[in-house]
Amino acid sequence: MDGLAELHTHLGGSVSSDILWTLAHEQGIALPVKDYWDFDRLVTVSDPRGVPDLDALDQIYHWTELIQSSPIAVETSVHQAIGGAYRSQGITTLELRFNPMKRNRGGERDLDHIILAAIRGLDRASLEYPQVRAGLILMMDRTFTQRQNEVIVEKAIGWSSRGIVGVDIAGPRPGHARYDYRSVQPMIEEARSAGLGVTIHVGEEGGDFGRQEIGEVLEVLRPDRIGHGILAAGDAELMRELREAEVVLEICPTSNLLTKALADEDAVRAVFRTFVENGVRFTIATDGPEMMRTHLRDEFDLLLRIGALAQDELDEANARGHEASFVRGGFRAARV
Ligand SMILES: [Zn+2]
């Protein structure tokens with residue numbers, strides 16, 4: 001297998017604990033722990049049994065996002081995440097996603113400074129690791145106002161010539177209610193017209209309404225890719241739509257196990273076999289290797305070991321990752 005491709009990893013989960021620890025100290029951030037190993041447990045999913053739910057994961061992100069809330073910290077984080085992915089995993093296509101508005105201390109820091117710092121990190125990594133095709137995805141948030149999300153997409157479009165390659169939306173659902181993805185349709189349309197890739201976090205959990213959300217996203221937002229989308233595995237109609245639209249799912253097996261989105265390895269295997277049998281396209285990712293304490297090769301090993309995918313199917317999923325990357329254009333879903 002040539003270089004690996006990883007398309008779904010959050011900046012807040014992609015930086016190793018030792019670097020975050022130093023960044024926190026450089027900035028004088030007040031931490032609730034004084035020992036490095038306690039800190040390591042604070043900023044990663046340290047219990048092998050995982051977290052109770054996505055809200056608990058959000059608490060971990062709270063710390064990594066706080067530490068990454070300055071231009072220097074964002075620059076170092078992007079630079080380190082790309083270099084680390086290449087050195088440790090041989091990743092040659094990498095997309096890193098982050099929400100700049102969760103890194104500007106509620107408006108205290110200028111958003112353009114944060115985004116340009118990420119771009120500087122990308123540029124530095126490109127000089128050191130010219131073998132890597134890397135790009136940045138700016139994320140909207142389900143807890144944000146319409147205006148906040150509009151600003152994020154305006155920024156993504158404004159900096160698209162400098163390495164911002166796509167947009168996404170994630171974050172907890174307010175009140176655990178079904179999220180109305182139509183609220184971001186105008187922003188997504190603008191991003192698409194500006195040539196940005198569109199990937200959407202949906203179908204990770206939420207049962208029936210999670211499935212309804214996938215249907216709505218496919219119809220209203222017409223994404224190139226979907227973050228997770230595993231709930232579609234139980235629904236023939238959704239799988240048909242995904243297949244026909246040639247949408248690529250970014251599946252993160254260990255993350256799904258740690259957050260209890262999938263109950264066990266049998267459930268992981270069932271999801272993958274169902275997608276393979278139904279011609280649904282997917283690629284494999286970690287969601288954030290440092291926070292999830294897994295790396296892309298570990299994910300491949302897991303899928304092989306549990307019989308979720310055979311080697312040729314893994315190779316195909318990896319090749320699809322390179323193809324489906326938003327970096328330097330090239331890929332758009334069929335019906336865009
Ligand atoms: Zn994610």
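(A) Region of the structure containing helix α6 (residues 146-158). Taking 1.5 Å per residue as the helical rise, α6 with its 13 residues ought to reach 18 Å, and the 18 Å between its terminal C-alpha atoms agrees with that figure. Of all the residues in α6, the buried ones are N149, V151, I152, V153 and A156. Tucked inside the fold, the buried residues of α6 contact α5 (111-128), β3 (133-141), β4 (164-170) and α7 (185-193).

(B) Structural detail: the coordination of the zinc ion. In the first shell of the zinc ion, the protein supplies H8 (NE2), H10 (NE2), H201 (NE2) and D287 (OD), at 2.1 to 2.3 Å from the metal. Seen from the zinc ion, its four donor atoms lie at angles of 78 to 165°, and the figure they make is irregular. Taken in sequence order, the residues that donate to the zinc ion follow the motif H-x1-H-x190-H-x85-D. Taken together, the positions of H201 in strand β5 (residues 197-202) and D287 in the loop between β8 (281-284) and α12 (289-292) put the pair 86 residues apart, joining distant regions of the chain. Here H201 matches D287 in class, with each residue buried.

(C) Fine view of the packing of helix α8 (residues 207-221) against helix α9 (residues 236-245). Interhelical geometry of α8 versus α9 gives an angle of 30° and a closest axis separation of 11 Å. Our classification of the angle between α8 and α9 gives roughly parallel. Regarding α8 and α9, the two cross each other, and that crossing is left-handed. Seen from α8, the contacting residues are R211, I214, G215 and L218; seen from α9, they are L238, E241 and L242.

(D) How the structure looks around the packing of aromatic side chains. One pass over the structure, following the stated rule, counts six aromatic pairs. Plain terms: the ring middles of W21 and Y36 are 5.8 Å apart, the flat faces sit at 70° to each other, and that makes the pair edge-to-face. Here W21, found in helix α1 (residues 17-26), pairs with Y36, found in helix α2 (residues 36-42); they are 15 residues apart in sequence, far enough to count as distant. Centre to centre, the rings of F272 and F282 are 5.3 Å apart; their planes meet at 85°, and the pair counts as edge-to-face. Residue F272 is found in helix α11 (residues 265-277), and its partner F282 is found in strand β8; the two are separated by 10 residues along the sequence.

(E) The arrangement of the sheet that holds strand β2 (residues 91-98) in detail. Pairing within the open sheet is parallel, and its eight strands lie in the order β1-β2-β3-β4-β5-β6-β7-β8. Where the open sheet ends on each side, the last strands, each with one partner, are β1 (4-10) and β8. Adjacent strand axes in the sheet meet at a mean angle of 25°, parallel and antiparallel pairs treated alike. In this structure, β2 lies alongside β3, joined through six bridges in parallel fashion. Across the sheet, L96 pairs through a bridge with L136, a residue of β3. Sheet contacts for α6: β3 and β4; angle to β3, the most-contacted strand, approximately 160°. Across the sheet, α8 is in contact with β5 and β6 (225-228); its angle to β5 comes to roughly 165°.

Basis of the calculations
Residues numbered from 1 in each chain as written. Predicted model: local features only at pLDDT ≥ 70, side-chain atom pairs only at ≥ 80, totals over all residues. Heavy atoms only, no water. Helix = DSSP H or I, 4+ residues; strand = E, 2+ residues; numbered from the N terminus. Expected span 1.5 Å × (residues − 1). Buried < 20%, exposed > 50% of the residue type's maximum accessible area, 1.4 Å probe, protein only. Contact = heavy atoms within 4.5 Å. Donors = N, O, S within 2.8 Å, 3.2 Å for Na, K, Ca; no water. Tetrahedral: all angles 85-135°; square planar, octahedral: opposite > 155°, others 65-115°. Axes fitted to C-alpha atoms, helices over the stretch in contact; angles between N-to-C directions. Parallel < 35°, antiparallel > 145°, perpendicular 65-115°, else oblique. Left-handed = near helix turned anticlockwise from the far one by under 90°. Phe/Tyr/Trp six-rings, centres within 6.5 Å; stacked < 30°, edge-to-face > 60°. Pairing = 2+ DSSP bridges.

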